[in-house]
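For reference, the chains in residue letters:
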Amino acid sequence: MKKENNLDKITRKEAIKKMGKYAALTAVGTFVILNPQKAQASSPADPGGNPFD
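Model, not experiment: these values are computed from the prediction.

About the thresholds
- Residues numbered from 1 in each chain as written.
- Predicted model: local features only at pLDDT ≥ 70, side-chain atom pairs only at ≥ 80, totals over all residues.
- Heavy atoms only, no water.
- Helix = DSSP H or I, 4+ residues; strand = E, 2+ residues; numbered from the N terminus.
- Buried < 20%, exposed > 50% of the residue type's maximum accessible area, 1.4 Å probe, protein only.
- Areas by Shrake-Rupley, 256 points an atom, 1.4 Å probe, with all protein chains shown as cover.
- Patch = residues over 30% accessible without salt bridge, like charges linked within 9 Å, V, L, I, M, F, W, Y side chains within 5 Å.
- Salt bridge = Lys/Arg side-chain N within 4 Å of Asp/Glu carboxyl O.
- Lys, Arg positive; Asp, Glu negative; His and termini not counted.
- Charge placed at Lys NZ, Arg CZ, Asp CG, Glu CD.

**Quick look at the overall build of the chain**
At step 1: Across its full length, the chain carries 2 helices and 0 strands.
At step 2: For the chain, the residues scored as buried account for 2% of the 53 residues in total.
At step 3: Roughly 5700 Å² of accessible area belongs to the chain as shown, and the carbon and sulfur atoms make up 63% of that amount.

Below, the structure written as structure tokens:
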């Protein structure tokens, strides 16, 4: 019978804690990247212009 090495394994509680940190970081990053106000501010001007001016 082979003895298992438990040095590189983590508990369920530790795994949930790490995933929670990852999820929070991902949510913040997504919000910063997809923030609509910043996206509108950095959008280029209308390429065709207004033909009715």
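**A look at a positive patch on the surface**
At step 1: Together, Lys13, Lys17, Lys18 and Lys21 line one region of the surface with positive charge.
At step 2: Take Lys21: it is sitting in helix α1 (residues 12-33).

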